[in-house]
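Residue-level structural notes
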Amino acid sequence: MAAFMLPLLFVVVVSIDTFSKRQKTTRNLLESNLWLSGRSALNQLEVQFIEQESKELNDKYFSELLKANCLKQNDTIADIFITDQNFQVLYPKTTEDKNSYLLTTNRGWKSDYKEYMSRAETDELTNRNFSNALKNYQTSRGLAQTAQQEALAIEGLARSHLASQNYRQSIQYYKLLKNKYGQTENLGGTPYGISAPLQLFAIGKLTPEKVFGQDSLLFIYQMMKDGHWLISSSSYFFFKAEYESIIKINNLSTESKFERTLHFEQFIHGFVIPAIKERSGFSEFNKNGETNRIYIQDGDGQYLVSFKEMLVPNENKLYYIGIRWNLDAIITKIITPKLTGLTEETGLKFLLVNGNNKNLLTNEDARIPEESLSLPFSNISFPWSLVAIQPGYEKLESDAKVQMIIYGLLVVFIIILMFFGVFVLLRDISRETDSMLLQTEFVHNVSHELKTPLSLIRLYGETLLLKENLSETVRKEGLQIITKESERLSFMINNILDFSKIEMGRKEFDMKPGNLSEIVLNTLDSYRYHFIKKGFTIEEEIDPDIPMVLFDKNAVEGILINLFSNAIKFSTDTKKLVVKLIYMTNVICLEVADKGIGIPPDELPDIFKRFYRVKSTADYNASGSGLGLTIVKHAIEAHGWNIEVKSTPGQGTVFSITIPIENYKEELI
Ligand code: ADP
């Protein structure tokens, strides 16, 4: 058992050791990859952001923007701003709220223009003398020195014509204002591009002429929302409501571009400028065009603002330029694409986790495995941390499980194999022991078998030799016994010789065509006396007319003698021998049956084995070698025949031999 268990133990220990060593090495490799690649990923993200930042905070671009009087195309990633050194917001530029409507008289103009304009206004507004007003506005128009002055005069003309119901002229003037003076502001600070269309639409209702339709009004409304006119927030919201009431549109849910700009402006005034002011006094404030970054919390939103000083060389003026980043856009436009590339490169998985443990890359709750690396942004101080996960670990775990199963199965297989080996070994040993026992028994039986007839022969031989005056009957009996015992002896020795030839593979058969019924009958005849003397009745059915077959005469005799002698040996109460030789289509059937003690079914398959003798019936007849049926079977098979046995304990045994006929026919051809 130890010899069996020790190698087994060895196999198990070596397997587990190799397995755990391999696991450890792979784990170390994965760990160092996680550290190196994780840190490098963080660096690359920061570098990527800084590159984008310097691209956005470009001095040249900002100086151009200073000159332009428009809103930059909407950029989702960043809103930009410019202030002068006194923190006056120069960009994005909407018009600050102005005081209420000022009459020309109250304005600081000193000229003939002003003179005529105030006359016109008095005619129009106080005296309601529109024809005078028209004349004076006309004169003013001619005297105007600026676009606004001219536009104001034209507006007066348009109003006065309208008041005197000269719609066609009024329309002409309003159209002029809309088209030529669209960006020019009236005294209330509203560009004519916004106010004139409203007037035109109103006039359209008074005259059958088609002047200004809903569609055109909608167009103006959209332009206003997109920031085409940089107006004050109060004007914007006033006109927006005005337009919406007319065109019956209520699209307040989404923030328009202009509103966004207005809000951004508020943000600059409310948060950015105070923060810059506060910062600029401290040493950490980066001067000389270096970038500063501040985080600003506005309501629910958190913003990152990058800003720096900008010196415009030929103006020699200092400006502050900056960007308000949209953090979501940083994630989607900078971080996510970069991380996708990095995942492919390093095989790591990345999460971007905020303070609420949310993975911002997927917007799901972050599930962070134990073996991961959490890296806070160090240079940019984004309010997130990058979590690098080594998916190799999970694979390692699942691989480990698979390998464990394989190793386990292997060990189980080895154990089964070993058990099987031991089983086969034990079985062979027990067979060997059985066979040795059988052989010993055989030697014992055979010596006994040989001794009995020899002693009888000797006894009767000596008696016949020494006693001279013996009666004829006694002498005859003595001689008969000597003959019978010598026959038995020679049968016995023949069997042993046959067996040893079979064992050595030297048994030869002399096959010749012949009539089986002849030999069966002859052999039975020579034993008939023997049977009758033992008290047997014989039932025979031997078909004399059967085809010729090939057989070895001596072997067939041996087969019959063995079967007959067993029938004699193993019959007790009912002594009957049945011998049949029947010819059926294609086969001849030879049957030897008795009504003897029979053979237990579980031992039936063994009776043809060498030396085998049925244990329970051995007592009936001690004589025998256990060789007879072995020789019978061998001879039958050598002929290409078949033998079967049927037996019922206490009722008898039938041996049937089937002899195919083709056999002989084929060989003859
Ligand atoms: P043995 O010399 O013992 O007869 P065999 O090989 O001829 O050896 O037979 C093997 C065993 O088969 C016998 O010992 C006996 O137990 C059993 N056997 C054979 N023929 C018969 C039969 N006709 N009736 C009962 N048992 C038989």
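Everything discussed here concerns the structure shown above.
Along each chain, numbering runs from 1 in the same order as the chain's sequence is written. Where local features are concerned, this predicted model is filtered to residues with pLDDT of at least 70; where side-chain atom pairs are given and counted, the filter is 80 or more; whole-chain, interface and lining totals use all residues. Only hydrogens and water are removed before side-chain values are computed, so all heavy atoms of the structure are retained for them.

**Remarks on the overall build of the chain**
Filter applied, for reference: Working definition: helices are DSSP H or I runs of at least four residues, strands are E runs of at least two. Numbering for both runs from the N terminus. Our radius of gyration is a C-alpha quantity, and the globule rule it is checked against amounts to 2.2 Å times the number of residues to the power 0.38. Residue burial is assigned from relative accessible area. The probe radius is 1.4 Å, only protein chains are included, and a residue is buried under 20% of its type maximum, exposed over 50%, and partly exposed in between. When checking whether two residues touch, look at their non-hydrogen atoms; a contact exists if any pair is within 4.5 Å. To measure how exposed things are, a 1.4 Å probe is used in the Shrake-Rupley method; for residues, cover is taken only from the protein chains shown. When charges are counted, Lys and Arg contribute as positive and Asp and Glu as negative, whereas His and the chain ends are disregarded. Charge placement uses NZ in Lys and CZ in Arg. For Asp and Glu, CG and CD serve respectively.
A count of helices and strands for the chain gives 18 helices and 17 strands. A compact globule built from 669 residues would reach a C-alpha radius of gyration of about 26 Å, whereas the chain, at 63 Å, exceeds it by more than 25%. Each of the 669 residues in the chain was classed as buried or not, and the buried ones make up 41%. Pairs at least 24 residues apart make up 64% of the contacts formed inside the chain by residues separated by at least 6 positions. Of the roughly 37,700 Å² of accessible surface on the chain, a fraction of 54% belongs to carbon and sulfur atoms. Between the mean site of the 73 positive side-chain charges and the mean site of the 82 negative ones, the chain shows a separation of 5 Å.

**A look at unusual backbone geometry**
Here the amide bond leading from tyrosine 91 into proline 92 is cis, since omega sits at 0 degrees, within 30 degrees of zero. Within the secondary structure, proline 92 sits in the loop between strand 2 (89–91) and helix 3 (112–127). Positive phi, normally seen in glycine, also occurs at serine 381, with a value near 45 degrees. Structurally, serine 381 can be placed in the loop between strand 9 (372–376) and strand 10 (385–389).

**Some words on the pattern of salt bridges**
Pairing of side chains with opposite charge becomes possible as their charged atoms draw close. For clarity, the cut-off: The term salt bridge refers to a side-chain nitrogen of Lys or Arg lying within 4 Å of a carboxyl oxygen of Asp or Glu.
The final tally for this structure, using the stated rule, is 21 salt bridges. For arginine 528, the salt bridge goes to aspartate 525, with nearest N and O atoms at 2.7 Å. Taken together, the residues arginine 528 and aspartate 525, both in helix 14 (residues 516–533) and three residues apart, mark about one turn of the helix. The partly exposed category is assigned to arginine 528, whose relative accessible area is 23%.

**Examining the site of the ligand**
Inclusion rule: Nearness is defined per residue: one heavy atom within 4 Å of the molecule or strand is enough. Polar contact is the term for a pair of N or O atoms within 3.5 Å; when the atoms are in protein, one must be able to donate a hydrogen and the other to accept it, and sequence-neighboring residues count only if both atoms are side-chain atoms. In this classification, the charged set is Asp, Glu, Lys and Arg, the nonpolar set is Ala, Val, Leu, Ile, Met, Phe, Trp, Tyr, Cys and Pro, and all remaining amino acids, among them Gly, are polar.
Contacts to the ligand come from 19 residues, most closely from Asn566, Lys569, Asp594, Arg613 and Leu629. For the ligand, an oxygen atom lies 3.2 Å from a polar atom in the backbone of valine 614. Within the contact set of the ligand, an oxygen atom lies 3.3 Å away from a backbone nitrogen or oxygen of glycine 628. Look at the ligand: alone it shows 520 Å² of surface, and the protein chains cover 98% of it. Put simply, the parts of the chain that give the shell around the ligand at least two residues each are helix 15 (553–569), helix 17 (628–638) and strand 17 (652–660). In terms of residue class, the shell around the ligand is made up of eight nonpolar, eight polar and three charged.

**With respect to the sheet that holds strand 2**
As a reminder of what qualifies: For two strands to be treated as a pair, DSSP must find at least two bridges joining them. Only the stretch in contact is used when fitting a helix axis, every axis being a line fitted to C-alpha atoms; angles between N-to-C directions are given from 0 to 180 degrees.
Spatially, the five strands line up as an open sheet ordered 2-1-5-4-3, and their pairing is antiparallel. Bordering the open sheet on either side are strand 2 and strand 3 (292–298), each of which pairs with just one other strand. Strand-to-strand, the axes of this sheet are offset by a mean angle of 30 degrees, without reference to chain direction. Relative to strand 5 (residues 317–325), strand 1 (residues 78–84) runs antiparallel, the two sharing seven bridges. The partner of threonine 83 across the bridge, within strand 5, is tyrosine 320.

**Some thoughts on the pairing of strand 4 (residues 301–312)**
Where strand 3 meets strand 4, seven bridges bridge the pair, whose relative direction is antiparallel. Paired with arginine 293 across the bridge in strand 4 is serine 306.

**Structural notes on the sheet that holds strand 17**
As summarised here, the arrangement of the five strands in space is 12-14-15-17-16, forming an open sheet in which the pairing is mixed. Each edge of the open sheet carries a strand with a single partner, namely strand 12 (537–542) and strand 16 (642–648). Neighbouring strand axes in the sheet, compared pairwise and without regard to direction, differ in orientation by 10 degrees on average. Relative to the sheet, helix 15 contacts strand 14 (576–584), strand 15 (587–594) and strand 17, its axis offset from that of strand 15 by approximately 30 degrees. Lying over the sheet, helix 17 contacts strand 16 and strand 17, oriented at roughly 140 degrees with respect to strand 16.

**Here's the deal with the nonpolar core**
What counts, and what does not: Here the nonpolar core consists of buried residues drawn from Ala, Val, Leu, Ile, Met, Phe, Trp, Tyr and Cys, with membership extended through side-chain atoms lying within 4.5 Å.
If you look at the biggest cluster of nonpolar residues, it comprises 43 residues, and the most contacted ones within it are Leu516, Phe564, Leu577, Ile607 and Ile657. Of all the elements in the fold, those that place two or more residues in this core are helix 14, strand 13 (549–551), helix 15, strand 14, strand 15, helix 17, strand 16 and strand 17. Top contributing element to this core by residue count: helix 15, with nine residues. When neighbours within four sequence positions are excluded, leucine 577 is seen to be in contact with Leu524, Phe531, Phe536, Thr537, Ile538, Glu539, Phe564, Ala567, Val592 and Ala593.

**Considerations on a nonpolar patch on the surface**
Stated formally: Like charges within 9 Å and nonpolar side chains (Val, Leu, Ile, Met, Phe, Trp, Tyr) within 5 Å are joined into patches, using only residues over 30% in relative accessible area that form no salt bridge.
Where nonpolar side chains cluster on the molecular surface, the patch consists of Val422, Leu425, Leu426 and Ile429 and spans about 370 Å² of accessible area. As for its position among the elements, valine 422 is in helix 12 (residues 391–466).

**Thoughts on the environment of isoleucine 597**
Tracing the chain through its elements places isoleucine 597 in the loop between strand 15 and helix 16 (615–618). Classification of isoleucine 597 as buried rests on a relative accessible area of 10%.

**Description of the environment of isoleucine 77**
Locating isoleucine 77 in the fold gives a position in the loop between helix 2 (59–67) and strand 1. Residues isoleucine 77 and aspartate 328, 251 residues apart in the sequence, show an inter-C-alpha distance of 8.1 Å. Each residue touching isoleucine 77, except ones within four places of it in the same chain, is listed here: Glu56, Arg324, Trp325, Asn326, Ala329, Ile330, Lys333 and Ile334.

**Remarks on helix 13 (residues 472–504)**
In an α-helix, one full turn covers 3.6 residues, which means residues spaced three or four apart are oriented alike. What counts is decided by this rule: One less than the residue count of a helix, multiplied by 1.5 Å, gives the span that helix is expected to have.
The first and last C-alpha atoms of helix 13 sit 47 Å apart over 33 residues, in line with the 48 Å expected at 1.5 Å per residue. Regarding helix 13, the residues found buried are Gly478, Ile482, Glu485, Leu489, Met492, Asn495, Asp498, Phe499 and Ile502. Note on helix 13: the residue one or two positions beyond its end, glycine 505, has a positive phi of about 75 degrees.

**Some remarks on the packing of helix 5 (residues 147–163) against helix 7 (residues 192–206)**
Put simply, the rule is: Angular relationships are summarised with four words: roughly parallel below 35 degrees, roughly antiparallel beyond 145, roughly perpendicular across 65 to 115, and oblique for the angles in between. Here a crossing is taken to be left-handed if its near helix is turned anticlockwise relative to the far helix by less than a right angle, and right-handed if that turn runs clockwise.
Two numbers describe how helix 5 lies on helix 7: the axes approach to 12 Å, and their chain directions differ by 10 degrees. If you check the angle between helix 5 and helix 7, you find them roughly parallel. Where helix 5 crosses over helix 7, the handedness of that crossing is left-handed. Touching Ala151, Leu152, Glu155 and Leu162 of helix 5 are Tyr192, Gln199, Ile203 and Leu206, all from helix 7.

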